[in-house]
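Each chain is listed here by its residues.
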Amino acid sequence: MSLIQLSGISKSFAGVQALKDVSIELDYGEIHCLAGENGCGKSTLIKVMSGVHAPDHGEMRIHGQKRKLLTPIDAINEGIQVIYQDFSIFPNLTVAENIALNTELAQNRKLVNWRKMKQMAKQALEKVNIQLDLDAKVETLSVADKQLIAISRALMHKAKLIIMDEPTTALTQKEVSSLFSIINGLKREGMTILFVSHKLEEVFEISERITILRNGKNVVSERVQQLDRDKLVFYMTGRKIEESYYEIKKDASIPILQTEDLGLQGCFEHISLQVKAGEIVGLTGLLGSGRTELAESLFGLRSATSGKIFIEGKEQQIHSVQDAIAQRIAYVPEDRLTEGLFLEQSIERNMVISVVDQLSSRLNMLNQTKVKSTVQDWIKSLGIVAHSPALPVKTLSGGNQQRVVLAKWLATRPRLLILNGPTVGVDIGSKEDIHQVIRALAQEGMGVLMISDDFPELKHNCNRILVMKNGRLVGEMAGKEWSQEEWTRLQETTS
Amino acid sequence: MKKVMQTSEFYVAIVVLALFLVIGSQSSAFFTITNLFDLIRSGIVPGIFVMCAMLVIISGGIDVSFPAIATFSMFCSTKILHSMHYDGPVLVAFLLSGLIGLCLGLINAVFISLFRLPTLIVTLGTSSMFSGFLLTFVGSSQISDLPKPLLTFSKEQIFKFTNDSGITVGLPVAVLVSLGVIVLVALLLRYTMMGRGIYALGGDAVSAQRIGFSPIRIQFFIYGFVGLMAGVAGMIHTTMMRNSNPVDLLGTELLIIAAVVLGGTRITGGHGTVLGSLLGLLLVITIQNSLILLGIPSYWQRFVIGALILIGTGVAAYQVKRSIMKRKSIVS
Amino acid sequence: MTNPNGNSPEPITPISRSSFSLQRYLPQDASITRLFIIMLVVFVLMAGISPNTFLSLDSFTSMSFQFPVFGIFAFAMMLSMISGGIDLSIVGIANLTSIIAASVMVRMLPAEASASESLLYILLGVAAALMVGLVCGLFNGFAITKIGIPPILVTLGTMQLFMGIAIIVTKGQAIVGLPELYTKIGNGSLWIFPVPLLMFCLCILGTYVLLNKQSYGMKLQMLGANPTASFFSGVNNTRVLLTTYAISGVLAAIAGLVIVAQTNSAKADYGTSYILQAILVAVMGGVDPRGGFGKVAGIVMAVLTLQFLSSGLNALHVGNFFKDFMWGIVLLLVMVINEWSNRRKVRSIS
């Protein structure tokens, strides 16, 4: 008998099939990993398990008993707890409240007993073995502490299954390892953990069994010993790792971008790097390594506090986005939905916003003909599929949305393109297309700096890869020499 | 101690204290019972209003309709009682007014929580609607011969003192009602799940729903309760003025909101305390009443209050900016 | 519908997969059509109720003296609301500027001035008013962008501040007795078009060009939709916001000048109810209170609708208070209808 067993689950939203005949089984006290690319149906499956979505077809058994309809409250009463990516905590409330409030709510209490609440919170925190000021407001805490609060809160309800949705996204490496020891501790106490992730290293490190989804379908469910990296990648993406690498045709003499001892107080220091025309340089490192901050400094979002930046051999001051654009630097940001796109606004406006001044005549009058032709050009050359450029950009799929962001920047005719997580949340087909576009651009002489977590993406698209740790560059290698072992070695040796 | 010094209440308290000392040193009339009672008296109705505005702002909204609700409730109930020559317990007058306020507040709640419309716009609309309806269909001329129970209530005083010049000063009993409302709100916010739900809703509405709060229920409660309190405040206003004027309270909302914000309540929701809001109100009332004791002509009032709002919110905004910068540091 | 690739359009992403809501999926033109119909209905209704008084040249002339003021205020409000903010200080600015203008015209004008001399002082007064409006708007913009105070609080404060300054300048008294020439121009007509109406038309044209023909307009709308993304896209947010509040200030100053001419006086606390009316008109005209969207045509129609309603009710000898009541209802109704049709649209897409 297993804790929870789902078989033949299907679920569709407005005609789009999110889950097709999916089965998963979680045993008591196991750490199970649910893996798959973004958009493969992981979140939908979690929501089915926690009673948020009712499946269209399929059977659900909890403790061997068949369950027809599962509401969120039922799920909680069965001991199923979900820790969402954003933790669902309240920055303006105290630690004690955040931990104890929903227990109190579940018991349908009307009054607040602060002493009891603090006691409950204290016990919960002891379970995960940490100490926090119970009266502190949560907004003053670090991301890792917030997550611990979310975990402690989940433990309050006699939890038997804790589902963690991409729990390591916002953690530094140190925090990740302490999270893992907590997870192992919970397992020892007989708790079942469903760990949802798309990061391979973590999947191998923490889990005992792995279930992989692809395009809403079950691919495989195996013990971790039976899998290796290549198999896992194949199952997740449906493609064999191709042994093709990006190489530059001829070495340009003057680099497009060169930094000397670049630093930003509290974020990174002594960064010296080069990006030449035709190069695709990968930049990787854990969250908090300073890679995003470096990119933002190069783009003028947060100007560097020390060191020099050279663009095509000339020293330049980049203090604002406008400076960066004037130097023909483009930046595709990390968070597409909040930093890259204007979801409610039209595709057309999204594509031309960075070049409105170039598309305007004297007196800042917008030239509509030029706007239309620019939009048509980029829709065509990037193969964006849309009913009409006048529609809001949020009607597009993830892949097309990312192409719109790309189009916005390519319209500025950049010589240096900085990409931060260029294919996060993009389906596999579009991912390949976007990679091809990037390679083609580099071949035409653009310099590309690509920040990514996605190892295959780095390996097969970058001719060089730089590794950052704790705000410094700690390693550099050619793309084809890149390996998991090398990465682990860099992370362990340099500290 | 350190914790106390980090709160915004602390800073407001310092400013109020400094203002008191400055005015007191310039004018001997300031620290007299008569003047202090004047200050308290002018804070009775605004004290309740401040609670109304604060509750809504903590929940992440903004309400400008409470003066209209107060006026509507007090005038309608006075008119009803007046027409039937009412002569029973005064409590009924307050209940009636509160009940009318409650209904009006629930109208706000319907638009805000069921139709999900922005709170500012909804309350602007209802406020115009309520006062328009009142003045068109109920009446536009004031009622000066109040029903007897209201008159008796208005004459009752507590804390009577006879000052040096032989004049007896005291506070109207209504001050106890205000005090009651303030204590009630403080208890509500601190010791009930509803109160914590209001904070939770203002902090993160999506999460509040996820952990089991019902935003619709909370919003209905808030706007209904605010309507009720406004109705009671309106009736107090009538007894204190000894007449019921259907255009009296309109237009006070922005100053009340200013007082709440000066007291450290964040306009973005989730933060705010009863103490802070009362201190903010004290600041505004002191400026309104006592600036003249400093030899500053009364026509400087608006200017000073405007400047205070800008300085107060400016300092708060600056602090937020700085703490964000501090937290972004990564390299260990 | 053009499809550059010849591919079949792909299905729209399901709502549940995205954490953002589709509620605001708004092809704006449907709401413009709706507004136009509402305007026509109101017009016909009012004409039907009192054909003799409503459908006369006199009535139209008097209307065209009335709506320009709140119409201009509505444009000022619209710009700040598109940017995702709000400007509560417009009436404060209008009063302050009207007092400045009146002071220049009344107090500085020599008693026995010739026509050309008084024209000079009038121009001086107008220039001073526009200047002050600009400075007030820039002050708002500065507090919002550089200090980081939310717009609603800034303008709540400056509303008090500007009115406060106006009260201090006048010691609470109204300034009366403006040069005859000024009130003559302000209340006169060019052929059959009243000067206030012409001012309003100028504001329509100006705002239309700014919003739809200038790069500033696109930047403003994008900023209002998502300020982070506009910052990341190289839009100078600070400059756009400063410009927006400055324009709002200048528009308020123009409204102030019209008020001075019409009332032949300048008062520090005149017409605070215009703030509500401006918000009402803006929201009714389809400006999204959450920022990012707004059309000049919508504002014009909302202004006209309200004026028809108001004049029609006047013809029925209904008091001003009833109008307040009606306006509150209309505002709520329009919002509910908009929200409803948006929800329906979301459903029909998915």
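Residues numbered from 1 in each chain as written. Chains lettered and ligands numbered in written order. Predicted model: local features only at pLDDT ≥ 70, side-chain atom pairs only at ≥ 80, totals over all residues. Heavy atoms only, no water.

**Q** Whenever I open this one, the overall build of chain C confuses me. Can you help?
**A** Counting secondary structure elements, chain C contains 14 helices and four strands. Put simply, chain C has 350 residues, and 57% of those count as buried. Across chain C, the fraction of contacts at a sequence separation of at least 24, relative to all contacts at a separation of at least 6, is 78%. Accessible surface computed for chain C: about 13900 Å², of which carbon and sulfur atoms make up 67%. (Helix = DSSP H or I, 4+ residues; strand = E, 2+ residues; numbered from the N terminus. Buried < 20%, exposed > 50% of the residue type's maximum accessible area, 1.4 Å probe, protein only. Contact = heavy atoms within 4.5 Å. Areas by Shrake-Rupley, 256 points an atom, 1.4 Å probe, with all protein chains shown as cover.)

**Q** How should the pattern of salt bridges be read in this particular structure?
**A** Once their charged atoms are close, side chains differing in charge can pair, the charge on each being opposite to the other. All names here are of chain A. All told, the structure shown has 26 salt bridges over all chains when counted by the stated rule. Between glutamate 166 and lysine 42 there is a salt bridge, with its nearest N and O atoms 3.2 Å apart. Of this pair, glutamate 166 sits in the loop between β7 (161-165) and α6 (173-188) while lysine 42 sits in helix α1 (residues 42-49), and the two are 124 residues apart along the sequence. Residue arginine 472 is joined to glutamate 269 by a salt bridge in which the shortest nitrogen-to-oxygen separation is 3.4 Å. Note that arginine 472 is positioned in strand β21 (residues 472-478) and glutamate 269 in strand β12 (residues 268-271), a separation of 203 residues in sequence. (Salt bridge = Lys/Arg side-chain N within 4 Å of Asp/Glu carboxyl O.)

**Q** In this structure, what is going on with the sheet that holds strand β19 (residues 447-451) of chain A? I would like to understand it.
**A** Backbone-to-backbone hydrogen bonds pair the strands of a sheet. The strands run either parallel or antiparallel. Residues and elements named next belong to chain A. Strand order in this open sheet of six strands is β17-β18-β19-β14-β20-β21, and the pairing throughout is mixed. Unpaired on one side and paired on the other, β17 (329-332) and β21 mark the two borders of the sheet. Averaged over neighbouring strand pairs, the angle between their axes works out to 20° when direction is ignored. The sheet contact formed by strand β20 (residues 464-469) and β21 spans six bridges and is antiparallel. From the neighbouring strand, valine 467 faces β21, where its bridge partner is glycine 475. Contacts from helix α9 (residues 291-298) reach β14 (280-284), β17, β18 (416-420), β19 and β20, with the element oriented near 145° to β17. In the packing of helix α14 (residues 398-410) onto the sheet, the strands contacted are β17 and β18, and the crossing angle to β17 comes to about 170°. (Pairing = 2+ DSSP bridges. Axes fitted to C-alpha atoms, helices over the stretch in contact; angles between N-to-C directions.)

**Q** Looking at this structure, I do not really get the interface of chain A and chain B. What am I missing?
**A** Note: interface size is frequently given as the accessible area lost on complex formation between the parts. Contacts between the two partners involve 32 residues from chain A and, on the opposite side, 25 residues from chain B. Between chain A and chain B lies a buried interface of about 2400 Å² when both sides are counted; carbon and sulfur atoms form 59% of it. Scanning the region where chain A abuts chain B turns up two salt bridges. B:Arg196 is the salt-bridge partner of A:Glu97, the closest N and O atoms lying 2.4 Å from each other. On inspection of chain A and its partner chain B, the count reaches six residue pairs in polar contact (both at pLDDT 80 or more). Elements represented by at least two residues in the side of chain A that touches chain B include exactly α3 (95-106) and β12 of chain A. A total of five residues in the side of chain A that touches chain B trace back to one element, the largest contributor, which is α3(A). Class assignment for the residues of the side of chain A that touches chain B results in 12 nonpolar, seven polar and 13 charged. (Buried area = accessible area lost by both parts, 1.4 Å probe. Polar contact = N/O pair within 3.5 Å; in protein donor to acceptor, adjacent residues only side chain to side chain. Nonpolar A, V, L, I, M, F, W, Y, C, P; charged D, E, K, R; others polar.)

**Q** It is not clear to me how the packing of helix α9 (residues 193-203) of chain B against helix α11 (residues 215-241) of chain B should be interpreted in this structure. Could you clarify?
**A** Think of two packed helices as two axes; the pair is described by the angle between the axes and how far apart they sit. Residue and element names in this part refer to chain B. Packing of α9 against α11 leaves a shortest axis separation of 10 Å and a crossing angle of 110°. Classified by the angle between their axes, α9 and α11 sit roughly perpendicular to one another. Each of Met194, Gly197, Ile198 and Leu201 in α9 lies in contact with α11, whose residues at this interface are Pro215, Arg217, Ile218, Gln219, Phe221 and Ile222. Taken together, the residues of the contact of α9 with α11 sort by class into seven nonpolar, two polar and one charged. (Parallel < 35°, antiparallel > 145°, perpendicular 65-115°, else oblique.)

**Q** Would you mind going over the domain arrangement of chain A with me for this structure?
**A** All names here are of chain A. Here the domain parsing of chain A yields domain 1 (4-237), domain 2 (249-328 + 414-495) and domain 3 (343-412). Spacing between the C-alpha centres of domain 2 and domain 3 amounts to 26 Å. Across the contact, 18 residues belong to domain 2 and nine residues belong to domain 3. Interface area for domain 2 against domain 3, summed over the two sides, is near 1000 Å², with a carbon-plus-sulfur share of 72%. We note a salt bridge from aspartate 433 to arginine 403, for which the minimum N-O separation is 3.7 Å. Our count for the domain 2 to domain 3 interface comes out at one residue pair in polar contact (both at pLDDT 80 or more). Secondary structure elements with two or more residues in the side of domain 2 that touches domain 3: β18 and α15 (428-443). (Domains from an automatic or database assignment.)

**Q** How should I be thinking about the nonpolar core in this particular structure?
**A** When a protein is soluble and globular, its nonpolar side chains tend to lie buried together. Ranked by internal contacts, the top residues of the largest apolar core, which has 355 residues, are A:Val95, A:Ile162, B:Val185, B:Met229 and C:Phe73. Counting residues per element, this core draws most heavily on helix α3 (residues 33-58) of chain B, at 15 residues. (Core = buried A, V, L, I, M, F, W, Y, C linked by side-chain atoms within 4.5 Å.)

**Q** Any chance you could explain unusual backbone geometry here in plain terms?
**A** Trans is the common state for peptide bonds, and a negative phi is the common state for residues other than glycine. Of note in the backbone geometry, A:His63 takes a positive phi value of approximately 50° without being a glycine. Among the secondary structure elements, A:His63 is positioned in the loop between β4 (57-62) and β5 (65-67).

**Q** Sorry if this is basic, but what is going on with the side chain of A:Ser354 here?
**A** Tracing the chain through its elements places A:Ser354 in the loop between α12 (347-352) and α13 (368-382). Under the relative-accessibility criterion, A:Ser354 is labelled buried at 8%. Within polar-contact distance, the side chain of A:Ser354 engages the backbone oxygen of C:Ser233 at 2.7 Å.

**Q** Where do I start with α1(A) in this structure?
**A** For an α-helix, 3.6 residues make a turn, and residues three or four places apart therefore share a direction. For α1(A), the buried fraction is high: six of the eight residues fall into the buried class. Trailing α1(A) by a residue or two, A:Gly51 shows a phi angle of about 85°, which is positive.

**Q** What's the story with the state of the cysteines in this structure? I'm lost.
**A** Cysteine pairs can be linked by a disulfide, which is a covalent bond between their two sulfur atoms. Residue and element names in this part refer to chain C. Considering all chains together, one arrives at zero disulfides over all chains under this definition. The cysteine cysteine 201 is free of any disulfide, with cysteine 203 supplying the nearest cysteine sulfur at 9.2 Å. Among the residues examined, cysteine 201 registers a relative accessible area of 38% and is labelled partly exposed. (Disulfide = S-S within 2.5 Å.)

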